[in-house]
Amino acid sequence: MKVAYFDCPAGASGDMVLGALVDAGCPLGALEDALGTLGVAGWRLTAESVTRGGLGGTRVVVVTDPGVRFHDLADLLAPLKRSTLADSLKARATAILTRLAEAEARVHRVPVDAVHFHEVGTLDTLVDVVGAVAGLDALGVDVVHVSAFPLGGGSVETAHGRLPIPAPATAELLRGFPVYDNGIVAELVTPTGAAILTTLAAPGRIPAMTLLATGWGAGTRELPIPNLLRVLIGEAAAAAPDLPTEALVAVETTIDDMSPQLYEPLIERLLDAGALDVHLTPVIMKRSRPGVVLTAYAAPDRVGELARLLFQETTTIGVRWQAWERARLPRELVRVVTSFGPVTFKVSRLAGQAVTVTPEFEEVRRIARERGRPVRQVLEQVRAEGLRGLGDPGATTAP
C-alpha cells in the first residue's frame, strides 16, 4: 500500500499540492489529461523549477480565464458529473468541493444549497481539486496523511471585505485537525488547500513506510521560512498479508473528575456520532488520582465531531488523536436454523473461510429467558449448532 504524507511547515494551497505531486514524479500531462475530461475551457498549467529559502521545488502555475465562474455547489459539480473521470476520482473531488461548500455554509449560517461562491467559485478551485486527486491517483497513492497546519496571521481582502487570517472558511475546514502559530503574518493555508488535505488525509505523524519519493511544492511568495509544501511518498508495511487496510484515528482524553454514571450516555453519543468502537482504560494519574482514558476509534473525517462531543459531554479540557491503520476481516450476518429456532450469527471470514462464528447475544439471552435455561448453556449449544449449520444448504443470509 502506497502512502503520501504532506508536511506543511509553510502552510498549503491548491497549487502547492499540485507542485508537490509533480515534483514527486507525477507527470504534468496526467493532470492535464484529467482536467481535459471536464469539458471546461479557459485553463492552462505550467510547471517551473524555483527556489524558496535556498531549497528547490516545483511551482505549478494555474492560469485560468477569470470570466469562468461557478456560482454555487451544483454549478461547480456539474463539470465533474459530465466528465469521463473514473468514479473513484469523481467521488474524491466531489467530497472535497462539498466539504468546501459546507464550510462556507457554516460561516454564513445558510444551507449548503444557498451558498453563493466568491473566491472559491473561480475555475482554479476546480483545477486544483481535480488536479490533486488525479495526481495522487497517478502516483498510485492509497492513503494520505498530513501534519499540523500553521495558521498564519494578519488579514486578507475578500469579497466580504477584510477578514482575519485564517479566513473563516479555512478555520472551519481545519476543525478537528492540529494547528499552531509559527509567528508568520501571512495567509499560509488557503480554503482550497485546507479542503483538499482535510478531506483526503488523516492527521498525525509520519506513518511507518519505506520512503520512495519526495516532492516540494512551491508557493508564490517569499516567507521568513522556505515557502514549500513537502510530500513524502512511500510503501507502508502491510498490517497483515493479503488483507485490505483502512485508515482510522484514535481520539483520546484522560479524565479524573467525572461521575462514572456519565460514561454510558457518553459512549452511546460517541457511537451515534460515528465512532466505530469506544473503550475505557483505568489509569493512575498525578497525585495518585485514579482516572480513565477514554478512546474512540473512528474514520478520519469524524475527528472534529468526536472531539466536540468530548468537550461538551465530559469534564476534559484536552483531546488528542493519532492516525492508525487497521486490517479488518469481512463479515456478514447469517440466519441459521437451530433447535431453538432461527438465530442470527455474525460470521467473519479469512480467505473465504469462516474464522469466527458468533451468535447475536441479545437473541441468545431472549431464548434463555423464554426457555428458562442458563444463558451460558444456550450460548454454547447455539454456537455449536451454528458451526454445523453454516455448512448446511439451509443456512440463509439475513436481510
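About the thresholds
- Residues numbered from 1 in each chain as written.
- Predicted model: local features only at pLDDT ≥ 70, side-chain atom pairs only at ≥ 80, totals over all residues.
- Heavy atoms only, no water.
- Helix = DSSP H or I, 4+ residues; strand = E, 2+ residues; numbered from the N terminus.
- Buried < 20%, exposed > 50% of the residue type's maximum accessible area, 1.4 Å probe, protein only.
- Areas by Shrake-Rupley, 256 points an atom, 1.4 Å probe, with all protein chains shown as cover.
- Lys, Arg positive; Asp, Glu negative; His and termini not counted.
- Charge placed at Lys NZ, Arg CZ, Asp CG, Glu CD.
- Arc of directions from axis to C-beta.
- Contact = heavy atoms within 4.5 Å.
- Pairing = 2+ DSSP bridges.
- Axes fitted to C-alpha atoms, helices over the stretch in contact; angles between N-to-C directions.
- Salt bridge = Lys/Arg side-chain N within 4 Å of Asp/Glu carboxyl O.
- Parallel < 35°, antiparallel > 145°, perpendicular 65-115°, else oblique.
- Left-handed = near helix turned anticlockwise from the far one by under 90°.
- Nonpolar A, V, L, I, M, F, W, Y, C, P; charged D, E, K, R; others polar.
- Phe/Tyr/Trp six-rings, centres within 6.5 Å; stacked < 30°, edge-to-face > 60°.
- pLDDT = per-residue confidence, 0-100.

**Considerations on the overall build of the chain**
The helix and strand tally for the chain stands at 11 helices and 19 strands. Considering only C-alpha atoms, the chain reaches an extent of 75 × 55 × 45 Å along its principal axes. Taking all 399 residues of the chain together, 44% fall into the buried category. Summing over all exposed atoms, the chain offers an accessible surface of approximately 19,200 Å²; the carbon and sulfur share of this is 53%. The averaged location of the 45 negative side-chain charges in the chain is 6 Å from the averaged location of its 38 positive side-chain charges.

**A word on helix α9 (residues 303-313)**
Since the α-helix packs 3.6 residues into each turn, any two residues three or four apart lie on the same face. All buried positions along α9 are accounted for by V303, L306, A307, L309 and L310. In a view along the axis of α9, the buried residues occupy a sector of 160°, so they form one face of it. Contacts from the buried residues of α9 go to β12 (245-255), α8 (263-272), β14 (290-298) and β15 (320-327).

**Examining the sheet that holds β12**
Across the sheet, 4 strands lie side by side as β13-β14-β12-β15; this open sheet has antiparallel pairing. Edge strands, defined here as strands with exactly one partner in the open sheet, are β13 (277-284) and β15. Adjacent strand axes in the sheet meet at a mean angle of 25°, parallel and antiparallel pairs treated alike. Direction of pairing for β12 relative to β14: antiparallel, over a ladder of 7 bridges. In the sheet register, V249 faces β14, and the bridge partner there is A298.

**A short note on the pattern of salt bridges**
One side chain can pair with another of opposite charge once the charged atoms of both are near each other. All chains considered together, the criterion is met by 16 salt bridges. Among the ionic pairs, E305 bridges to R308, the shortest N-O distance being 2.3 Å. On the criterion of helical spacing, the pair formed by E305 and R308 is a turn pair, its members being 3 residues apart in helix α9. Taking relative accessible area as the criterion, E305 reaches 26% and is therefore assigned partly exposed. Relative accessible area serves as the criterion here: at 31%, R308 is assigned to the partly exposed category. Three or more residues are tied together by salt bridges with common partners; here these are R106, E172 and R175.

**Observations regarding the packing of α8 against α9**
Packed helices, taken two at a time, are described by their axes: the angle between them and the distance between them. Running from N to C, α8 and α9 cross one another at 160°; their axes reach a closest spacing of 10 Å. One way to sum up the angle between α8 and α9 is to call them roughly antiparallel. Once α8 is placed against α9, the crossing between them reads as right-handed. Across from L266, R269 and L270 in α8, the residues of α9 making contact are L306, L309, L310 and E313. For the contact of α8 with α9, a count of residues per class yields 5 nonpolar, no polar and 2 charged.

**A closer look at the pairing of strand β2 (residues 43-52)**
Sheet analysis places β2 next to strand β3 (residues 55-64), joined by 10 bridges and oriented antiparallel. The residue of β3 that forms the bridge with S49 is T58. Counting the residues that bridge the hairpin from β2 to β3 gives 2 residues, and of these G53 lies at a positive phi of roughly 60°.

**Structural notes on the packing of aromatic side chains**
Applying the stated criterion across every chain yields a total of 1 aromatic pair. Residues F149 and F177 carry aromatic rings whose centres are separated by 6.3 Å and whose planes lie at 70° to one another, so their mutual orientation is edge-to-face. Taken together, the residues span a long stretch of sequence, with F149 in strand β5 (residues 149-150) and F177 in the loop between α6 (168-173) and β8 (179-180) at a distance of 28 residues.

**Section: the confidence of the model for the chain**
Per-residue confidence for the chain gives a mean pLDDT of 89, with 93% of residues at or over 70. When pLDDT is averaged over each helix and strand of the chain, the minimum, 47, is found for strand β19 (residues 396-397) and the maximum, 97, for helix α1 (residues 14-23).

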